[in-house]
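One-letter residues, chain by chain:
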Amino acid sequence: MNLLVEAFGFGLVSMSVIAIAAVGFTMQFGITNNINLAYGEVMISSAYVAYYVNRAGISIWIGMVAGALFGAVFSFLLNRIVYSPFIRKGTSQIGMVIVSLAVSLMIANLLLPIVGYDYVSYQNSTGELIHIGSIILTTNQIGIMAVSVALMVLIHGLLKYTRLGKAMRATAANPTLARNCGIPTQRVIDAVWLITGALCGLAGVVAAMNSDSFAIVNGATFLITVLAAAVLGGAGQPYGAMIGAVLIGLITELSAAIWSPEYKEVVAFGVLVLVMVLRPQGLLARRGAMAAAG
Amino acid sequence: MNLYYGANLLIYAGVDIIACLALNLQFGVSGIVNFSFIVFQAVGAYTAAVLSMPNDKAFGYDFQLYVGGYQLPFPIPWIGGAVAGGLLAVPVGLVVLRKLRADYQAIALLVTSVIANTVITNARPFLNGAAGLALVPPPLADQIDPNTAPYQYFYVGLTILAVVLVLFVVNRVVNSPYGRSLRAMREREIAAMAIGKNPVRLKMTAFIVGGVIAGFSGALLVGFIQFWAPSVWLYPETIILFAAIIVGGRGNNVGAILGALLVPVGFEEVTRLLNNAPLGLPAGVVPALEWVAIGLLIMGFLWFRPDGVRPEPRRVFEGGPDIE
Amino acid sequence: MSEGSTTARDHQPLLVAKDVHRHFEGMRAVDGVSIEVPRGQITGLIGPNGAGKSTFMAVLAGTLPATSGTIVFDGRDITRLPPFMRARTGLVRPFQLPSEFARLTVLENLLVAAQDNRGDSLFGALMGKRYWIEDERRLVKQARVLLKRFGMTAKESDYAGTMSGGQKRLVEIMRALMLKPRLLLLDEPMSGVHPKIVEEIQYYLQDLRSEGITILMVEHELHMVERLCDSVVVMAQGKVIGSGTMASLRKQPEIVDAYLVG
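Quick look at the overall build of chain B
Okay, so step 1: Broken down by element type, chain B carries twelve helices and two strands.
Okay, so step 2: In sequence order, chain B lays out its α and β elements as α-α-α-α-α-β-α-α-α-α-β-α-α-α.
Okay, so step 3: On C-alpha atoms alone, chain B measures out to a radius of gyration of 20 Å, which is about the 20 Å that the 2.2 N^0.38 rule sets for 324 residues.
Okay, so step 4: Taken along its principal axes, the extent of the C-alpha atoms in chain B is 70 × 45 × 40 Å.
Okay, so step 5: Counting over 324 residues, chain B shows a buried share of 53%.
Okay, so step 6: Partitioning the intrachain contacts of chain B with sequence separation of at least 6 by distance along the chain shows that 78% fall at a separation of at least 24.

Pasting the structure below:
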């Protein structure tokens, strides 16, 4: 029983990490209707940026900001330089998947000669252990959860209350109509890539913080978990991604406690397949990709 | 030219050609974006290996642990490999190819490839995990000594036969009314249904036939290199084959062969040259740059020449009006 | 079979839909529609926008499942049959735009629709050219006859994707004919087509009727309906509000008010 409660605690941290990543990923999908397979590599690159900042003696929490900035700029450029031109050219949806896969390979392999194959980790004190009942968490992990909750609140605020958020939802639902209504679609799209890119970068740093060590190879495995959460919640639905993250976080940590920690991604994969077979539209499927809940 | 080097080149070329012909059938002709292709080649290799190897105890305690070990003579392991490729295609196809939209299918297959590699790596007693299977007996090893020159000729001949066989089968399928139905389904699935085509059946058939050929290519390769491990079939290997199809030309066998020669074989050779040239590059840089080049190649062709070097030919029927 | 029963069968409607419902997300797009489509005639399906006509056609074709009700095609209950099977039994719905096979030639677009080609199966393909070449030649001839009839002989080797809108319509009609259909479901066959081609399509539809093909056609242009259709079914808000000849319908004030203006 204690084991399960402990796993639940880990699940809370896990879901916080996954939520940041999944919300960003699903928003990118919502606005472009294309799956950005390079998302995992951008996450990992940002984790490395934070690593180098950290190595210079700076706190990893500042490094997190650096990672977020890097993710934002990188994703923005990725869309402007690669994805947008291909989309404008009329590349099919499948063509875009292949392009994003090619990009992900390129990013990973451009990084490899620079950062090497070895696993690295951040230098930060894990902080004291906090006991909540049988749940034992470090202050770091609580910090991660706090960051995640804050971001979810910010995203909710963005989507529901700001003009940009409303414009994003409109553009996601019907780009041509949005443009005809005077919404500057290009700027909205740029804003989405900057914001989701920041989320992606942040998620990468936070995921790396939550693991003992990381390396380039983790990019693909991060992506599977993110995909599982996003598809489970409903592609393009940010609130769905949050729900998906909660479920995937819990399920994977419970399975790690009961079964084996090596197979966390396999469990996430299993969930992904189940969702695709039983309910491919996900939990919060709705017409119009970024409809706010309620 | 060194005989062993030449044989190596020809055999790899043969394997790549066969793999590309299979992927072309699935992707180029039928429109199935099989991002898990390499898994089917792997299952063929593993099957051929465990069918032809002796029981794992024979290697001394705990050297390698794996299932099977029936020490069956050639060509049974190869047939087994081909069958395994086809059998694997059944559950994978039934799960993925039925109601999902095309890009979901693609990522489901991609993720399958990543996970399959992880699972095999971690489940040691099954197929010896990360270390893989070594000392796989080459076909007819007791008739001809594998370490001699005549064996090289033999294996090259075997490869050529294999290529001819696969080409024969694939050609018949692609250049037939059935191939036409596959292409129609690729073009517009809903319209194909409106004229009576069953898209699930068509896709499953292309997927299974492609799987059989992929498994066969794995058996052919493992018999030569006598070794097979997860590091050989990581998910990006499929992308090289996709690059080959995109570069060579989709939807036609000539394009697939051309792509196989240009991309996997071409790159292999260029890497070898660069590795031997005294450029003073740190280890690992050349393969990494190779992948970058593959990515650029894919994007370049999708941008400038999506139909590839040799596009799908237009079918003209005899007895029609004169074409200028 | 005696003379009497053959004639009796000929008078049986080819398609009978009974109390068909199609509900989705709280909307009753098709709300208890029952119609009978007489054999060998052109029947029109008219009504204001949003009446549920296209939805009903989709249910008949099988691309949307019926929430309830039955559909009987030539005596056979096809309510649960998937769309591709309905096409094989002779119930064909062309013009699901866009629907040409772009990277197949015009001739190939026709050939691919044929049901009776021995080479159109894995087994047949593997058996080799000699096995199916006879069927192929016969079908090429058959297709060329159609091409000639619709004036597209010169285009046989052009990619269907490069055809103009009107030509694509003709390709779709020809393709449907290669299927040897018994009932054609046409959803606004004339919309978005150049007026000259509209004339041609009308003639072709009349030709098809004279060959014994039954047609059920959704159409907005009432003078077209007047010219082509032997009888008409009027739908509004998911229900059938009247049926019969245009002349008899004009005599019913509710229908005139609801829809027939001029």
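So, the overall build of chain A
Okay, so step 1: When helices and strands are counted, chain A shows eleven helices and two strands.
Okay, so step 2: Seen in sequence order, chain A has helices and strands lined up from the N terminus as α-α-α-α-β-β-α-α-α-α-α-α-α.
Okay, so step 3: When the backbone C-alpha atoms are referred to their principal axes, chain A occupies close to 55 × 40 × 35 Å.
Okay, so step 4: Pairs at least 24 apart in sequence give 77% of the contacts found in chain A among residues at least 6 apart.

Here we look at the nonpolar core
Okay, so step 1: By size, the foremost hydrophobic cluster in this structure holds 279 residues, and its most contacted members are A22, V226 and A228 of chain A together with I18 and C20 of chain B.
Okay, so step 2: Among the elements that line this core, the one with the most residues is helix 1 (residues 2–32) of chain A, at 16 residues.
Okay, so step 3: Looking at this core, you find at least three residues from each of domain 1 (3–98 + 182–258) and domain 2 (101–162) of chain C.
Okay, so step 4: If near-sequence neighbours (up to four positions away) are discounted, V226 of chain A is found in contact with I18, A21, A22, F25, Y39 and G40 of chain A.

Some remarks on the interface of chain B and chain A
Okay, so step 1: Each partner contributes to the interface: chain B provides 29 residues, whereas chain A provides 30 residues.
Okay, so step 2: Sorting the residues of the side of chain B that touches chain A by element identifies helix 4 (102–122), helix 10 (236–248) and helix 12 (285–304) of chain B as the ones contributing at least two each.
Okay, so step 3: No other element matches the twelve residues that helix 4 of chain B contributes to the side of chain B that touches chain A.
Okay, so step 4: Taken together, the residues of the side of chain B that touches chain A break down into 23 nonpolar, four polar and two charged.

Let's talk about the arrangement of the chains
Okay, so step 1: Highest in contacts among the two pairs of chains that touch are chains B and C.
Okay, so step 2: These two, chain A and chain C, are apart from each other, with no contact and a minimum C-alpha gap of 11 Å.

With respect to the pairing of strand 1 (residues 129–132) of chain A
Residue and element names in this part refer to chain A.
Okay, so step 1: Where strand 1 lies against strand 2 (residues 135–138), four bridges are found, and the strand directions are antiparallel. By the bridge assignment for strand 2, H131 is matched with I136.
Okay, so step 2: Linking two consecutive strands that pair antiparallel, namely strand 1 and strand 2, is a turn of two residues; a positive phi of about 65° is found at G133 within it.

Topic: the sheet that holds strand 3 (residues 42–46) of chain C
Residue and element names in this part refer to chain C.
Okay, so step 1: Reading across from one edge, 6-7-8-3-9-10 is the order of the six strands in this open sheet, with mixed pairing throughout. Lying at the two open borders of the sheet, with one neighbouring strand each, are strand 6 (91–92) and strand 10 (239–244).
Okay, so step 2: Relative to strand 7 (residues 183–187), strand 6 is paired through two bridges, and the arrangement is parallel. Paired with L91 across the bridge in strand 7 is L183.
Okay, so step 3: Relative to strand 7, helix 2 (residues 53–61) is tilted by about 150°, and along the sheet it contacts strand 3, strand 7, strand 8 (214–218) and strand 9 (231–236).

Points about helix 2 (residues 37–52) of chain B
What sets the pattern is the α-helix's 3.6 residues per turn: residues three or four places apart point alike.
Okay, so step 1: Between the first and last C-alpha of helix 2 of chain B there are 23 Å, a value that for 16 residues agrees with the 22 Å anticipated at 1.5 Å per step.
Okay, so step 2: The element helix 2 of chain B is largely enclosed, with a buried count of 16 among its 16 residues.

Section: the sheet that holds strand 1 (residues 15–24) of chain C
Two modes of strand pairing occur in sheets, parallel and antiparallel, and in both the strands are linked by backbone hydrogen bonds.
All names here are of chain C.
Okay, so step 1: Ordered by their spatial adjacency, four strands build an open sheet running 2-1-4-5, and the pairing between neighbours is antiparallel. In this open sheet, the two edge strands, each paired with only one partner strand, are strand 2 (27–37) and strand 5 (76–77).
Okay, so step 2: Pairing geometry for strand 1 and strand 2, over eight bridges, is antiparallel. By the bridge assignment for strand 2, A17 is matched with I35.

Description of the pairing of strand 3 of chain C
Residue and element names in this part refer to chain C.
Okay, so step 1: Burial runs high along strand 3: five of the five residues are buried.
Okay, so step 2: Residues I42, G44 and I46 of strand 3 are buried on one face, and the alternating residues T43 and L45, pointing to the opposite face, are buried as well.
Okay, so step 3: Sheet topology places strand 3 next to strand 8; four bridges connect them, and they run parallel. Looking at strand 8, one finds that T43 is bridged to L216.

Thoughts on the packing of helix 3 (residues 60–88) of chain A against helix 4 (residues 93–115) of chain A
Residue and element names in this part refer to chain A.
Okay, so step 1: Running from N to C, helix 3 and helix 4 cross one another at 155°; their axes reach a closest spacing of 10 Å. With respect to their mutual orientation, helix 3 and helix 4 come out roughly antiparallel. Crossing handedness for the pair helix 3 and helix 4: right-handed. The residues of helix 4 that touch helix 3, namely those facing L78, V82, F86 and I87, are M96, V99 and V103.
Okay, so step 2: Class assignment of the residues belonging to the contact of helix 3 with helix 4 gives a composition of seven nonpolar, no polar and no charged.

Here we look at the confidence of the model for chain B
Okay, so step 1: Counting all residues, the mean pLDDT for chain B is 90, and 98% of those residues have values of 70 or more.
Okay, so step 2: Reported confidences for the modelled complex are a pTM of 0.89 and an ipTM of 0.90.

So, helix 1 (residues 3–29) of chain B
Residue and element names in this part refer to chain B.
Okay, so step 1: If you check helix 1, its first and last C-alpha atoms are 37 Å apart, about what 27 residues at 1.5 Å a residue would give, namely 39 Å.
Okay, so step 2: Of all the bends in helix 1, the greatest, near 35°, is centred on L23.
Okay, so step 3: Just past helix 1, the residue G31 takes up positive phi, approximately 75°.

With respect to the packing of helix 1 of chain B against helix 9 (residues 199–225) of chain B
All names here are of chain B.
Okay, so step 1: Following both chains from N to C, one finds helix 1 and helix 9 inclined at 170°, their axes separated by 8 Å at the closest point. When the axes of helix 1 and helix 9 are compared, the pair comes out roughly antiparallel. Of helix 9, the residues touching helix 1 (which contributes I11, V15, I18, A19, L21, A22, L23, L25 and Q26) are A206, F207, V209, G210, I213, A214, F216, S217, L220, L221 and F224.
Okay, so step 2: Class assignment for the residues of the contact of helix 1 with helix 9 results in 17 nonpolar, three polar and no charged.

What to know about the environment of P82 of chain C
Residues and elements named next belong to chain C.
Okay, so step 1: Along the chain, P82 turns up in the loop between strand 5 and helix 3 (83–89).
Okay, so step 2: We classify P82 as partly exposed; it has 15 C-beta atoms within 10 Å.
Okay, so step 3: Sequence separation of P82 and D116 is 34 residues, and the distance between their C-alpha atoms is 20 Å.

Let's talk about unusual backbone geometry
Okay, so step 1: A cis amide bond, omega 5°, links F74 of chain B with the succeeding residue P75 of chain B.
Okay, so step 2: On the secondary structure map, P75 of chain B appears in the loop between helix 2 and helix 3 (76–96).
Okay, so step 3: Despite not being glycine, N128 of chain B shows a phi value in the positive range, around 60°.
Okay, so step 4: Located in the positive-phi region is D74 of chain C, a residue other than glycine, with phi close to 50°.
Okay, so step 5: Within the secondary structure layout, D74 of chain C lies in the loop between strand 4 (68–73) and strand 5.
Okay, so step 6: Residue classification places D74 of chain C among the partly exposed residues on the basis of 18 C-beta atoms within 10 Å.

Re the environment of V145 of chain C
Okay, so step 1: One can find V145 of chain C in helix 6 (residues 129–149).
Okay, so step 2: In this structure the C-alpha to C-alpha distance between V145 of chain C and V20 of chain C, which are 125 residues apart in sequence, comes to 39 Å.

Section: the confidence of the model for chain A
Residue and element names in this part refer to chain A.
Okay, so step 1: With 95% of its residues at a pLDDT of 70 or more, chain A shows a mean pLDDT of 86.
Okay, so step 2: When pLDDT is averaged over each helix and strand of chain A, the minimum, 72, is found for helix 7 (residues 175–180) and the maximum, 94, for helix 3.
Okay, so step 3: Of the regions scoring below 50 in pLDDT, residues 287–294 engages in 20 contacts with residues more than four places distant in sequence or in other chains.

A closer look at the environment of Y12 of chain B
All names here are of chain B.
Okay, so step 1: Summarising the element assignment, Y12 is placed in helix 1.
Okay, so step 2: Looking at Y12, the number of C-beta atoms within 10 Å reads 19, which means it is partly exposed.
Okay, so step 3: Residues Y12 and F74, spaced 62 residues apart in sequence, show a C-alpha to C-alpha distance of 20 Å.
Okay, so step 4: Excluding residues that lie within four positions of it along the chain, Y12 makes contacts with V265 and E268.

Rules behind the numbers
- Residues numbered from 1 in each chain as written.
- Chains lettered and ligands numbered in written order.
- Predicted model: local features only at pLDDT ≥ 70, side-chain atom pairs only at ≥ 80, totals over all residues.
- Helix = DSSP H or I, 4+ residues; strand = E, 2+ residues; numbered from the N terminus.
- Rg over C-alpha atoms; globule rule 2.2 N^0.38 Å.
- Buried ≥ 20, exposed ≤ 12 C-beta atoms within 10 Å, placed from the backbone.
- Contact = placed C-beta atoms within 7 Å.
- Core = buried A, V, L, I, M, F, W, Y, C linked by C-beta atoms within 7 Å.
- Domains from an automatic or database assignment.
- Nonpolar A, V, L, I, M, F, W, Y, C, P; charged D, E, K, R; others polar.
- Pairing = 2+ DSSP bridges.
- Axes fitted to C-alpha atoms, helices over the stretch in contact; angles between N-to-C directions.
- Expected span 1.5 Å × (residues − 1).
- Parallel < 35°, antiparallel > 145°, perpendicular 65-115°, else oblique.
- Left-handed = near helix turned anticlockwise from the far one by under 90°.
- pLDDT = per-residue confidence, 0-100.
- Bend = angle between axes of the 7 residues up to and from the residue.

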